[in-house]
Amino acid sequence: MRVASRVQARLFGVLGDPVDHSLSPAMQNAAFAATGLPHLYLRYRVPAAALEEAFAEARRLGMGGLNLTVPLKEAALPLCDAITPAARRIGAVNTVVVRGQRLLGDNTDAGGFLRGLAGRVRLRGTHAVLIGAGGSARAVGTALVDAGCARLTVANRTPERGETLAGLLSALGCPDARAVPLGALTNRDVLADAVLVVNTTSLGLRGGAVDVRAAATPPGCLFVDLVYGARTPFLAAASRARRPTLDGMPMLLHQGALAFEAWTGRRAPVPAMARALGSVVLTQPRTPRSVRARRPPRP
Ligand SMILES: NC(=O)c1ccc[n+]([C@@H]2O[C@H](COP(=O)([O-])OP(=O)(O)OC[C@H]3O[C@@H](n4cnc5c(N)ncnc54)[C@H](OP(=O)(O)O)[C@@H]3O)[C@@H](O)[C@H]2O)c1
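Each chain carries its own residue numbering, running from 1 in the written order of its sequence. Local features in this predicted model are restricted to residues of pLDDT 70 or higher, and side-chain atom pairs are both shown and tallied only at a pLDDT of 80 or more, whereas totals for entire chains, interfaces and linings draw on every residue. No hydrogens and no water enter the side-chain calculation; it runs on all heavy atoms of the structure.

### So, the overall build of the protein chain
Counting its secondary structure elements, the protein chain contains 10 helices and 12 strands. Only the C-alpha atoms count toward the radius of gyration. The rule for a globule is 2.2 Å times the residue count to the power 0.38. Its C-alpha radius of gyration of 19 Å places the protein chain within 12% of the 19 Å reference for a compact globule of 299 residues. By its C-alpha atoms, the protein chain is 60 × 40 × 30 Å across when sized along the principal axes. Every residue pair with non-hydrogen atoms within 4.5 Å of one another is taken to be in contact. Put simply, 68% of the contacts in the protein chain that link residues at least 6 apart link residues at least 24 apart. Strands are runs of DSSP state E lasting at least 2 residues, helices are runs of H or I lasting at least 4, and numbering of each runs from the N terminus.

### Topic: the packing of aromatic side chains
Stacked, tilted and edge-to-face are the three classes applied to pairs of Phe, Tyr and Trp rings, where Trp contributes its six-membered ring and a pair requires centres within 6.5 Å; stacked means planes under 30 degrees apart, edge-to-face means over 60, and tilted covers the rest. For the coordinates displayed, the defined rule picks out 5 aromatic pairs. Plain terms: the ring middles of Phe-32 and Phe-260 are 5.8 Å apart, the flat faces sit at 40° to each other, and that makes the pair tilted. Here Phe-32, found in helix H1 (residues 24-34), pairs with Phe-260, found in helix H9 (residues 249-264); they are 228 residues apart in sequence, far enough to count as distant. The same class applies to Phe-32 and to Phe-260, which are both buried. Linked through ring pairs, Phe-12, Phe-32, Tyr-41, Phe-260 and Trp-263 together constitute an aromatic cluster. Remark: exposure states derive from per-residue accessible area (1.4 Å probe, protein chains only) relative to the maximum for the residue type, with buried under 20%, exposed over 50%, and partly exposed in between.

### A closer look at the environment of Ile-90
Relative to the helices and strands, Ile-90 resides in helix H3 (residues 85-90). A sequence separation of 74 residues divides Ile-90 from Gly-16, and the C-alpha atoms of the two residues are 19 Å apart.

### Some words on the sheet that holds strand S11 (residues 222-225)
One open sheet holds the 6 strands; their spatial order is S9-S8-S7-S10-S11-S12, and the pairing between them is parallel. Looking at which strands have only one partner, the edges of the open sheet turn out to be strand S9 (176-181) and strand S12 (245-246). Pairing between strands is defined by DSSP: at least two bridges between them are needed. Judged from the 4 bridges that link them, strand S10 (residues 194-199) and S11 form a sheet pairing that is parallel. Within the sheet, the bridge partner assigned to Leu-196 lies in S11 and is Leu-222. The sheet strands contacting helix H6 (residues 159-171) are strand S7 (127-131), strand S8 (151-156) and S9, and the helix crosses S8 at an angle near 160°. Only the contacting stretch of a helix is used when fitting its axis, a line to C-alpha atoms as for every element, and angles between N-to-C directions run 0 to 180 degrees.

### Some points on the domain arrangement of the protein chain
Boundaries between domains were set according to an automatic or database domain assignment. The assigned domain composition of the protein chain is domain 1 (11-108 + 250-283) and domain 2 (111-248). Distance from the C-alpha centre of domain 1 to the C-alpha centre of domain 2: 25 Å. Each side of the interface is counted separately: domain 1 has 17 residues, and domain 2 has 17 residues. Any carboxyl oxygen of Asp or Glu within 4 Å of a side-chain nitrogen of Lys or Arg constitutes a salt bridge here. Our enumeration of links across domain 1 and domain 2 arrives at 2 salt bridges. Identification of polar contacts relies on pairs of N or O atoms within 3.5 Å, with a donor-acceptor requirement for protein atoms, meaning one able to donate a hydrogen and the other able to accept it, and with residues adjacent in sequence counted only if both atoms are side-chain atoms. Between domain 1 and domain 2 we count 6 residue pairs in polar contact (both at pLDDT 80 or more) in total. Of all the secondary-structure elements, those providing two or more residues to the side of domain 1 that touches domain 2 are H3 and H9. When residues in the side of domain 1 that touches domain 2 are grouped by element, the largest group, 7 residues, is from H9. Its residues assigned to classes, the side of domain 1 that touches domain 2 comprises 7 nonpolar, 7 polar and 3 charged. The residue classification treats Ala, Val, Leu, Ile, Met, Phe, Trp, Tyr, Cys and Pro as nonpolar and Asp, Glu, Lys and Arg as charged. All others, Gly included, are polar.

So this is what it looks like as C-alpha cells:
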C-alpha cells in the first residue's frame, strides 16, 4: 500500500437484491488500497421499494458513491438529482456519484463491455446478435451501436421486450436492428454473418442453456456471456463448436474501473483490481472454472 493520503475516508457500496454474490467489494477495496485511498466499499441488500430511502441515507451519511445491480438500475433513474448522457441513452444507472447532497446517475456498463472486448472483434459495419432484452442488454446494445455495428439482432424470451429493445437501438442510430424469437437462434440464416453473439440473460447463473447453433457462425465469431466466474452451458457449447469465448469478468472489471474513476478522479489501478477478482474467484468454493478468451484466428 502507498503512503496514507490526507483524503477523508468515505463509504462506498453496491446496492441490490440479491447482492451477496457481488465481487465489487473485493475489487473496489483493492483499488482503494492500491491508490492509498482510505475508503471502504460494502454490500447492501436493498429491494426496489427501499431505494429512495437508501439514497436519502447515502446523502445523510455523506457516502462517496454507489453501484447498483439487479433490480435497481432502472428504478434509480427518477431518483437521481442528475443523469449523465450515457445513463440517459441507456435508460439505466449502475453508478452513482455523490457530490454533497446531489446524486449523479451514470452508466459504466456500456463502456465496460467495450473495454472488456479489448479489440478481440472488429465491430464497425458488422452484424452482432444479442440474447436477452433486460437492463444489461440495453447497455450492451447501446455500446454496439456506438461502436458502429451495422446490424443488430435481438433474441428474447418475451417477444415484446425484444421488439422494444430493437426499436430503441434503431432510434439510437443502428441502421438495421430487428427482433427475432429465441427459437430463431437455431436458424443458420440468423447467425451466418455474425461476428459477435452476446448472452445477456441470467440463465447461465443457474446452469440454464440457450439453444444456439454456434457452428452456423463464421469461425472467428466471438461468444460472450455476461455471467462471470462460471463456465456456462452457452460458452461450453460455443467452445465445442471451436468458437472463441469470453465470460463476464472483463466487463465487470472495466465497468468497475470506470466507476472508480468517476468517484475519485484518479486513474483506476486495473491490474490490482483484476488480481483481486482473480483471487476471489479462485477462493470461492465450488465455483466452476471461468472460460478463457481465445483470439480469433488470423485471416
Ligand atoms: N459482467 C458484468 O459486469 C455484468 C453487468 C451487468 C449484468 N450482468 C449479468 O447479466 C445478467 C442479466 O442482467 P440484467 O440486469 O440484464 O437482468 P434483467 O434486466 O432482469 O434481464 C434478464 C434477461 O434474461 C432473460 N431471461 C431470464 N430468465 C430467462 C429464461 N429462463 N429463459 C430465457 N430468458 C430468460 C429475460 O427475458 P424476458 O424479457 O423474457 O424476461 C431478460 O431478457 C445477470 O446474470 C447479471 O449478473 C453482468
